[in-house]
Amino acid sequence: MKRYGRDIQKMQRYSLAKISRELGVSKAAVSLALSGKARRVGVSEELEKRILDFCRKVDYQPNIHARRLNSRLVRNIGILLERFEEGATALMLSGIVEAADRAGFRVTIQIYRPEQHESIAFDWLLNREIDGVIFYGLELPESWQARFLSEKWPVIGVGIAPGSGIPSVNVNNFTATYTLTGSLIRQGCREFHYMAGTEGSYPSRERERGFRAALREAGLLFPENRMHVAGFSRERAQEITFELLGRNQLQPGSAVVCATDLLAIGTIQALHRSGFRVPADFAVTGVNASSAAADFSPSLTTFEYLPKEQGAAAVEMLLARLQKREIEPERELHGKLVPGESAPLRG
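Colleague: What is the right way to read the pairing of strand 5 (residues 168–171) from this model?
Modeller: A regular strand places its side chains so that they alternate between the two faces of the sheet. In strand 5, alternate side chains face the same way, and those of Ser 168 and Asn 170 on one face and Val 169 and Val 171 on the other are all buried. Sheet topology note: the strand 4 (residues 155–158)/strand 5 ladder contains two bridges and is parallel. Looking at strand 5, one finds that Val 158 is bridged to Val 169.

Colleague: What's the story with the packing of helix 10 (residues 234–246) against helix 11 (residues 261–273) in this structure? I'm lost.
Modeller: Describing two packed helices takes the angle between their axes plus the distance from one axis to the other. For the pair helix 10 and helix 11, the least separation of the axes is 7 Å and the interaxial angle reads 40 degrees. Between helix 10 and helix 11, the angle is such that the two are oblique. Once helix 10 is placed against helix 11, the crossing between them reads as right-handed. When helix 10 is examined against helix 11, the residues Arg 234, Ala 237, Gln 238, Thr 241, Phe 242 and Leu 245 are found in contact with a partner set consisting of Leu 262, Leu 263, Ile 265, Gly 266, Thr 267, Gln 269, Ala 270, Leu 271 and Arg 273. Of the residues assigned to the contact of helix 10 with helix 11, the class counts are eight nonpolar, five polar and two charged.

Colleague: I would appreciate a short explanation of the packing of aromatic side chains in the present structure.
Modeller: Under the defined criterion, the tally for this structure stands at nine aromatic pairs. Each ring, one from Phe 192 and one from Phe 211, has its centre 6.2 Å from the other, and the planes form 65 degrees; the classification is edge-to-face. You can see Phe 192 sitting in strand 6 (residues 192–196) and its partner Phe 211 sitting in helix 9 (residues 202–217), a full 19 residues away along the chain. Phe 211 carries the same exposure label as Phe 192, and that label is buried. An aromatic cluster of at least three residues, connected via ring pairs, comprises Tyr 112, Phe 122, Phe 135, Trp 144 and Phe 148.

Colleague: Before we go on, may I ask you to explain the pattern of salt bridges in this structure?
Modeller: Oppositely charged side chains can form a pair if their charged atoms are brought close together. One pass over the full model with this rule turns up 16 salt bridges. Across the pair Glu 191 and Arg 226 runs a salt bridge whose closest N-O atoms are separated by 2.5 Å. Placement of the pair is Glu 191 in the loop between helix 8 (173–186) and strand 6 and Arg 226 in the loop between helix 9 and strand 7 (227–229), with a sequence separation of 35 residues. Arg 226 sits in the partly exposed class, given a relative accessible area of 21%.

Definitions and cut-offs
Residues numbered from 1 in each chain as written. Predicted model: local features only at pLDDT ≥ 70, side-chain atom pairs only at ≥ 80, totals over all residues. Heavy atoms only, no water. Buried < 20%, exposed > 50% of the residue type's maximum accessible area, 1.4 Å probe, protein only. Helix = DSSP H or I, 4+ residues; strand = E, 2+ residues; numbered from the N terminus. Pairing = 2+ DSSP bridges. Axes fitted to C-alpha atoms, helices over the stretch in contact; angles between N-to-C directions. Parallel < 35°, antiparallel > 145°, perpendicular 65-115°, else oblique. Left-handed = near helix turned anticlockwise from the far one by under 90°. Contact = heavy atoms within 4.5 Å. Nonpolar A, V, L, I, M, F, W, Y, C, P; charged D, E, K, R; others polar. Phe/Tyr/Trp six-rings, centres within 6.5 Å; stacked < 30°, edge-to-face > 60°. Salt bridge = Lys/Arg side-chain N within 4 Å of Asp/Glu carboxyl O.

All we've got here are geometric facts, nothing functional implied.
This is the structure:
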């Protein structure tokens, strides 16, 4: 009986052609078995198992980079979507879809959860269902990032921290709260509360950093019991505001700087229901410049997040990667302050 791959230790010694010769099967059958498509085209379960067992025995893995170079684009962009924010997510997706459509690409969306196995993304790529990935969420697991980088898959992150090796698109989150807080200080505000978003979010961290920097530069102390984590939840912002008012820890004349428009709306709703006026009794600001911010009464003083523009920029960067062009490791878009009625500001 023929012995397979005696003392083979390195997968580099095997190729599809050598495997097919030793097994006495076609290269196409080997390729189909390795890609998981054998059963779809009529290759028997017995033959598929024989091929896969042999490849495991000799520690063979397909050269995905060579295979990708020899293949054509399928003109489909995969979106891994973790974050759902009212308004912002829809705008970000519309930016991606419109930019992809202009370039002759379609998009496919998968929901991402941190506990999911990495196969949800890598099978997508290995089976050539998509050409590249745009991730919109908090942070990718380190093991995913390492594999994306080591296998050189085209992937762009929207709203992720720069510096991981994964190219990223963000807005100037630090500048948003730094500008808003500085404007409130110049107007005479000295008592501040901060309504923070999700702790694992890079935009949230940057917005908190901008808020603290503005206070520090003005020489204002910030007691840590005035830092409140609401996690992008309008309902949680309402609950926190009611609790603070009930304990007399939120006093008229204070400013509440919120990490998002939704948190600002929740804060104002709780203040209104408690008999207070905005901005007469409290100044409240948000970030995102969402349609809800403009339609709410009072209209929010806020800062642009540019979700549609971020989505379009992510597509532009991904297409450049697919065309083997160099791209910047991080791209920061520049929003601006949007004055509203919730906190009239001086420049």
